[in-house]
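Secondary and tertiary structure notes
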Amino acid sequence: MKEKIEELLREIERLKAQKLQEVEEIRVKLLGKKGAVTRLFEEFREVLPEQKKEFGQRLNILKTKAAEKIEELRRKIEDEPAANTAGFDYTKPGDRFELGGRHPISITREEIIAIFNKFGYALAEGPEIEDDWHVFGALNFPPEHPARDMQDTFFISSGPNPVLLRTHTSSVQVRSMERMPLPIRIICPGRVFRNEAISARAHCIFHQVEGLYIDKNVSFADLKQAVLLFAREMFGEETKVRLRPSYFPFTEPSAEVDVSCNICKGKGCNICKGTGWLEIMGCGMVDPNVLEASGIDSKEYSGFAFGMGVERIAMLKWQVKDLRLYFENDVRFLKEFDSVI
Ligand code: DAH
C-alpha cells in the first residue's frame, strides 16, 4: 500500500492537461467512484489496526494533493481562455460597451444656438472672469446703482474696476460691440456665476445664452419677430408669445418674454401655476447709452438684445423640477436624455 501511495503521488506530480475535458477525466480517474485514490481508501479498510494511523495520514495527504493538482490544472486553463478554445464559450454575449450621452444642458444650448444660426446669428464667446466695466459699467449700471444688487456677484479683486466672475452673458455683448464691425448679429452662450444659495430653483453656476442684433433701423417689431420664431422652433409651431414690460439697465424699453405653456396648451396646469404662460427670457432695445459706451453711434444704429437661462429652457422643455439634478450627474437622470439626440 505504501508503494502504491508513493507511486500515485509521483504520478500526480507529473499530470498535465490542455483542456478542461482532460481535467475532468483526471478527476474521475483519481477521485471518481472507481478512481485510484478512492480504491485505496477501500483497501484501507483491510489495513491492520496498528498501521491505520500511518496509512490514514498518508492517504489523506494523497487525497488533498490530488484535489489540489486538479484545481491547479483547471485554473491554469480557465485563466488562459484564448489558448484554450475548447474551454471558451463563443456563444456567450460580449461585455456591453456603454456609450456616454450628451448632457441635457449641452443638448439645449446647442439647440438654441442651432435655431439662431438658422436666422443668421454668429457664435460669439467671452471670458468667464471679467471686469466690472464689461459686466456692469458699459451696460449702463451706474456705480452704486441698486440694479447691481439684482445679481449677487463673486468678486475676485476690489478697486475702481474690480475683477469678478461674470453674472450674465451680457458682458459678451460689450466685448463684441467693442471689436466687431457693424452690423452685428450674434448669439453668445456661456457659464455665469452668482452668489446665491443652492436650491431647486437657483444655483450659483448656471448657463445663459445672449443674443444681440445691431444694425440701422432695427425696431421692436424685429425683436418680437425673432423671439416668436425662436419660441416656435423650440417649443412647437402652435406656441404663442407675450411680452410684459420689465426693467434692465441696458435696454429701453425692456420686456420679459412668456410662451404659452406647452404642457397644458395654455389652459393652466401646475407647471405654469395655472396661468397658461411660462417666462423664458428677458429682452429689449439696446439702450443708446450702451451703444455709445462701446463706441457705436446711437443716432445711426439701433439694436435689440435678449438673454435666457439654458437650465430654465431645459426645465420647461422636459419638466425637470429641480435644478440641482443638472449638476449631480446621476446617470439615471442623464440616461433619460439618451433618446433626445
Ligand atoms: N442679463 C439679463 C440677466 O442675466 C438677461 C437679459 C435681459 C439679457 C434682457 C438681455 C436683455 O440681453 O436684453 O438677467
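Please refer to the structure higher up on the page.
Residues numbered from 1 in each chain as written. Predicted model: local features only at pLDDT ≥ 70, side-chain atom pairs only at ≥ 80, totals over all residues. Heavy atoms only, no water.

1. Digging into the packing of aromatic side chains
Applying the stated criterion to the full structure yields 13 aromatic pairs. Geometrically, the ring pair formed by F136 and F141 is edge-to-face, given 5.0 Å between the ring centres and 75° between the ring planes. Residue classification places F136 among the buried residues on the basis of a relative accessible area of 1%. Judged by centre distance (5.7 Å) and plane angle (25°), the rings of F248 and F250 are stacked. Given the relative accessible area of 16%, F248 is considered buried. Taking relative accessible area as the criterion, F250 reaches 10% and is therefore assigned buried. By the ring-pair criterion, three or more aromatic residues cluster together here, those being F116, F119, Y121, Y213, F230, F304 and F306. Lying across the ring of F41, K63 places its NZ or CZ 5.6 Å from the centre. The positively charged end of R185 is found above the aromatic ring belonging to Y121, 5.8 Å away from the centroid. (Phe/Tyr/Trp six-rings, centres within 6.5 Å; stacked < 30°, edge-to-face > 60°. Buried < 20%, exposed > 50% of the residue type's maximum accessible area, 1.4 Å probe, protein only. Lys NZ or Arg CZ within 6 Å of the ring centre and 35° of its normal.)

2. A look at the pairing of strand 6 (residues 241–248)
Both strand 6 and strand 7 (residues 251–260) contribute to a ladder of seven bridges, which runs antiparallel. When the sheet's bridge partners are listed, P245 is paired in strand 7 with A255. Hairpin connection of strand 6 to strand 7: two residues between the antiparallel strands. (Pairing = 2+ DSSP bridges. Helix = DSSP H or I, 4+ residues; strand = E, 2+ residues; numbered from the N terminus.)

3. Overview of the layout of surface pockets
In this structure, the largest pocket encloses a volume near 830 Å³. Every residue lining the largest pocket is counted, 35 residues in all, and those nearest its centre are R194, F206, Q208, E279 and G309. Counting only elements with at least two residues in the lining of the largest pocket, the list comes to helix 7 (170–179), strand 5 (205–215), strand 7, strand 8 (277–286), strand 9 (302–309) and helix 10 (310–318). At six residues, the largest contribution of residues to the lining of the largest pocket is made by strand 8. In terms of residue class, the lining of the largest pocket is built from 16 nonpolar, 11 polar and eight charged. Taken as a whole, the second largest pocket spans an internal volume of roughly 370 Å³. Lining of the second largest pocket is provided by 18 residues; of these, R201, I271, K273, L278 and R312 occupy positions nearest its centre. Mapped onto the lining of the second largest pocket, the elements with two or more residues apiece are strand 6, strand 8 and helix 10. In terms of residue class, the lining of the second largest pocket is built from seven nonpolar, three polar and eight charged. (1 Å grid on protein atoms, 1.4 Å probe; cavity = no way out; pocket = protein on both sides within 12 Å on 5 of 7 lines; lining within 4 Å. Points joined across faces, edges and corners; volume = space filled by probe spheres on them. Nonpolar A, V, L, I, M, F, W, Y, C, P; charged D, E, K, R; others polar.)

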